Amino acid sequence: MNTYDPSKIESKWQAYWDAHETFKTPEKPEGPTYYVLDMFPYPSGSGLHVGHPEGYTATDIIARAKRAQGYSVLHPMGWDAFGLPAEQYAIKTGTHPEKTTRENVAKFKSQLKMLGFSYDWTREVNTTDPEYYRWTQWIFLKLYERGLAYQAEVPVNWCPALGTVLANEEVVDGVSEVGGHPVIRRPMRQWMLRITEYAEQLLDGLDELDWPESTKAMQRNWIGKSVGAEIDFAIQSTQNTNSSDSHSHITVFTTRPDTLFGATYMVLAPEHPAVDSLLTQDQEADARAYIEQAANKSDLERQELSKVKTGVFTGAFAINPVTDQPIPIWIADYVLGHYGTGAIMAVPGQDERDYEFAKAFDLPILRTVQPPADFEGGAYTGDGPAIESGFLNGMHISEAKEAMMDWLEEQKTGRRKTQYKLRDWLFSRQRYWGEPFPIVHVDGKPEPLSPDDLPVILPEVEDYKPSEKGEPPLAKATDWVKTTFQGQEAIRETNTMPQWAGSCWYYLRYMSPNYTKGPLDPEAEAIWKQVDLYIGGAEHSVLHLLYARFWHKVLFDAGVVSTSEPFKKLVHQGMILGELEFTAFRHNGEWISKKKRDEILENDPEASIEAVRCEEEDVEKRGDAFVHKASGVAVEAKAHKMSKSRGNVINPDDVVDRYGADSLRLYEMFMGPLEQVKPWSTKGVEGVYRFLGRVWRLMIDDQTGQLQSSLSDVEPTKAQNRLLHQTIQKVTDDIEGLRMNTAISALMIFVNEANGWETLPRTVAERFVCLLHPFAPHIAEELWERLGHEKSISHTPWPVVDEAFLVEDEVTLAVQVNGKVRGTIEVATAQLEDQAAVLTLAKDEPNVKKYLDAGTLVKEIYVPGRVLNFVVK
RNA sequence: GCCGCUGUGGCGGAAUUGGUAGACGCGUUGGACUUAAAAUCCAAUUCGAUGACAAAUCGAGUGCCGGUUCGAGCCCGGCCAGCGGUACCA
């Protein structure tokens, strides 16, 4: 083995690491600790795609570098293995999901090992393992005990095709996120978690987190805090309402109490409980028809039809508490039943939606905030002095709000109120492959099991389908369902928990995966506390990350953990797209430009347009666009998402086969910034593969397989030391900042330079290998061994920068005239502070002199060591 | 619409604090080695102009328009485009 052959060295070192438990986490860490975590994968049947190794390589580099820097590192991996695909496969084929899961886990694990990640595999967790989910159930009991888990009959998103209820977050555009099946609303008895109780804390906690701004913004948006007031509107008594159980008043929520004088009508959601009692006889038929219609609309229809406002008058009136005037009460589906009180005061003068509705139904519009003179729109939502508003007149919005809320509270007809968009978490699913609830029902009343009765193990069932009625598959395990509780007959809860449950706390289990007295060992918790760095996809910005924060805060309040947030720093890796593709378009046999195509499609979405894939050599760049050489039309140049149907999927196994794991790792890190979306380039992989070949030949003579004769035990020269230490500094800083692409660039610069050296001092070579090792661990181990070391490089201390070597004798200084560089001068480092000498030197530079002579020197600016600028007129 | 992010060569991207724009890699071109090819190595490569060649010099240039500054890819104001999220949340 003389030339660089990744297939041989990679399997060799993977076997070595396994045999020596090289990456075992110290049980009793000394010195600083570092917990670096990947979002654990759902082990799907299709195996790893190239997106997985991106984040995993980044965390692995951090883990390896931190170990070398003397940290005790916790770097584990596991499986988020409950979930729909295995269950649907079971429904189709009858294969037990446990079997599918076991096989998929084995496949994933071997693929991860193939990439050389330094996980401590002795800490592997699997959410479907009864010894894991017993603690998921235990945490549920904690939630129950603290009043945070309850049952409710709620309208839920029922998906007939999947046979289950979905959380709001799992419904996208009215269809299921998984599979794209239609979803309808239907009331069912469900388990709920009171996440709303933690809304304020979940919001506040974000401020202290080192997370992407976009993710924090999404969570803030999701929690949706609004500060305002509740206002009670009395119902005007009339003889002709049709019900006797009359509501005496209706409460609305508003963020604009300052506009109360402009509230000219009121709107209830069709689901509002007071609707029945308000309808007058002449309005009843119309109103009931409308309510019926609204109830039957799916979410999708409600969204599609939302362009036009619809509604119906109830016949009843409410009294505006500040004007004492009666205002009509309407029903409309633009008011949501589940937000606020399900009723609003409509202020068409200052609210776009109310304005549209008022226009459509000819309701009075009153402006109570003075818009600027040039304002032309309908509703004015900006600031201005209050008008037509009695005691508020002249006040601006914020002042008027306070004054009105004070008045409402004095009158006892309203109160300050904070409202959240966040709703309680629908926590049950009618599925088989999930955690059973530790709950039994005695005479219809839920009873929590004792922690000693855990785990409640998933029973075997004949088939995995839910019943027609929507009963969960577990209901079919009749022997299991029938049980006793404290001597009484009882039936078990047959719902299971959603997939999010297991991932809400897995990062805690890694700290003490075999602990039997609780979800985690308090001693281990005291050591690791929280995740220092968490890397995973942005698609989990809200769901997983919000739910995990919620559970963590509950566990904090319960005294189980000592920190209030689970993930200190969070980074999302960007998606990897397919290779750049050029597409030309043809319409009726004629080549058309991309722009033309868009125009045609806009007028006629059905138009038949042929997309023709072009090779790179058939296109050229002209101006801003790429042009098809043969026809001269602009083509589309785009990297597309990888997909089977497009045929642009890159399989990591193939890349490893051809170039090795080190090249795949290195390439994925070299592509660009971690967080960024980036197109794949197979040529790029070849580039880093060539780099590793150069590294190999820098130290190994590929004729003989021996160490290069240039390698010797000599003292490094000044220049060699400088380059080495520059590289150490750059690589160390860049790893810390997760700038892997520029760290690799620094390694390349080193090798390019060192290739030209007659001798390569051994100490320099060794330290370079140390720097390379987190990125390309296999080749680094092999070179380290060949350099004569017996112990793995993984435990070799990280090279330290010696600043003394970074100092140069001479620096090149740019000399500008009027901000343009006109020449450079060499200045001895010692002389840099001597402004007069530097200026003299600069003025003598021939090209600079030319410009100085052409005008009058009016100003000299010198930033020592940086730049010199002459201003000439 | 609203929120967030991003616009730099033929391509992926550097420029960490306002101080020589284009590091590093890909591609391309030329050369060396070779009977030849592969592999490898060396050199050039933002665009344009001047230059026989070269050295060199000049002009333009970081999505667009304007501003601040001795100096702007970076700061400020106004746009445009793309990506992601969200959408009657009162």
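Everything numeric in this text was worked out from a predicted model, so none of it was measured. (Residues numbered from 1 in each chain as written. Chains lettered and ligands numbered in written order. Predicted model: local features only at pLDDT ≥ 70, side-chain atom pairs only at ≥ 80, totals over all residues. Heavy atoms only, no water.)

Caption draft 1: Spotlight on the overall build of chain A. Within chain A one finds 27 helices and 37 strands. Projecting the C-alpha coordinates of chain A onto the three principal axes gives extents of approximately 105 × 85 × 65 Å. In chain A, of all internal contacts separated by at least 6 residues, the share reaching a separation of at least 24 is 71%. Accessible surface, chain A as shown: approximately 39,800 Å² in total, 49% of it carbon and sulfur. Looking at charge distribution, chain A has the averaged site of its 91 positive side-chain charges lying 2 Å from that of its 129 negative ones. (Helix = DSSP H or I, 4+ residues; strand = E, 2+ residues; numbered from the N terminus. Contact = heavy atoms within 4.5 Å. Areas by Shrake-Rupley, 256 points an atom, 1.4 Å probe, with all protein chains shown as cover. Lys, Arg positive; Asp, Glu negative; His and termini not counted. Charge placed at Lys NZ, Arg CZ, Asp CG, Glu CD.)

Caption draft 2: Examining the domain arrangement of chain A more closely. Examined at the domain level, chain A breaks down into domain 1 (32-131 + 501-571), domain 2 (139-221 + 424-492), domain 3 (225-420), domain 4 (579-639), domain 5 (652-805) and domain 6 (808-872). A separation of 72 Å is found between the C-alpha centroids of domain 2 and domain 6. (Domains from an automatic or database assignment.)

Caption draft 3: Broad picture of the protein's contact with RNA strand B. Inspection of the region around RNA strand B gives 52 residues, with Ser226, Thr255, Arg353, Lys730 and Asn869 positioned closest. Taking the atoms of RNA strand B that fall within 4 Å of the protein, sugar and phosphate contribute 66% of them. Note that a sugar or linking oxygen of RNA strand B is positioned 3.0 Å from one of the backbone N or O atoms of Tyr334. For the surface near RNA strand B, the residue count by class is 21 nonpolar, 16 polar and 15 charged. (Near = heavy atom within 4 Å. Polar contact = N/O pair within 3.5 Å; in protein donor to acceptor, adjacent residues only side chain to side chain. Nonpolar A, V, L, I, M, F, W, Y, C, P; charged D, E, K, R; others polar.)

Caption draft 4: Here's a closer look at the sheet that holds strand β22 (residues 531-535). Strand order in the open sheet formed by four strands is β2-β1-β22-β23, and the pairing between neighbours is parallel. Since the sheet does not close on itself, it has two edges, and those belong to β2 (72-74) and β23 (567-571), each with one partner. The mean angle between the axes of side-by-side strands here comes to 25°, regardless of whether they run parallel or antiparallel. When strand β1 (residues 33-38) meets β22, the two strands line up parallel, connected through three bridges. Bridging from a neighbouring strand, Asp38 pairs with Ile535 of β22. Sheet contacts for helix α2 (residues 51-68): β1, β2 and β22; angle to β1, the most-contacted strand, approximately 165°. (Pairing = 2+ DSSP bridges. Axes fitted to C-alpha atoms, helices over the stretch in contact; angles between N-to-C directions.)

Caption draft 5: View of the pairing of β1. In terms of burial, β1 is a largely internal element, five of the six residues being buried. Bridging between β1 and β2 involves three bridges; their strand directions are parallel. For Tyr34, the partnering residue across the bridge sits in β2 and is Val73. Between the parallel pair β1 and β2, the chain is carried across by α2, and the sense of this crossover is right-handed. (Buried < 20%, exposed > 50% of the residue type's maximum accessible area, 1.4 Å probe, protein only. Right-handed = clockwise from strand over helix to strand, strands pointing away.)

Caption draft 6: Spotlight on the sheet that holds strand β5 (residues 149-159). Across the sheet, four strands lie side by side as β6-β5-β9-β17; this open sheet has antiparallel pairing. Both outer strands of the open sheet, β6 (164-166) and β17 (425-426), are each paired with one neighbouring strand and no more. The pairing of β5 with strand β9 (residues 184-193) spans 10 bridges and is antiparallel. Residue pairing in the sheet places Trp158 in a bridge with Ile184 of β9. Together, β5 and β9 form the strand contacts of helix α5 (residues 130-145), whose direction differs from that of β9 by roughly 90°.

Caption draft 7: A look at the side chain of Glu565. Positionally, Glu565 belongs in the loop between α17 (543-557) and β23. On the basis of relative accessibility, which here comes to 1%, the residue Glu565 falls in the buried class. Within the structure, Glu565 has its side chain in polar contact with the side chain of Arg549 (distance 2.8 Å). Leaving out residues up to four positions away in the same chain, Glu565 has contacts with Gly205, Leu206, Glu208, Leu209, Gln530, Arg549, His552 and Lys553.

Caption draft 8: View of helix α19 (residues 652-659). Within the span of α19, buried status applies to Pro652, Val655, Val656 and Tyr659. The buried side chains of α19 occupy one side of the element, clustering within an arc of 100° when seen end-on. With respect to the buried face of α19, the exposed residues turned more than 90 degrees away are Asp657 and Arg658. Between a side-chain oxygen at the N-terminus of α19 and the backbone nitrogen of Asp653 the separation is 2.8 Å; the capping residue is Asn651. Just beyond α19, the residue with positive phi is Gly660, at close to 95°. (Arc of directions from axis to C-beta.)

Caption draft 9: Summary view of the pairing of strand β36 (residues 857-863). Taken together, the six bridges between β36 and strand β37 (residues 867-872) define a ladder with antiparallel strand orientation. When the bridges of β37 are listed, Val863 appears paired with Val867.

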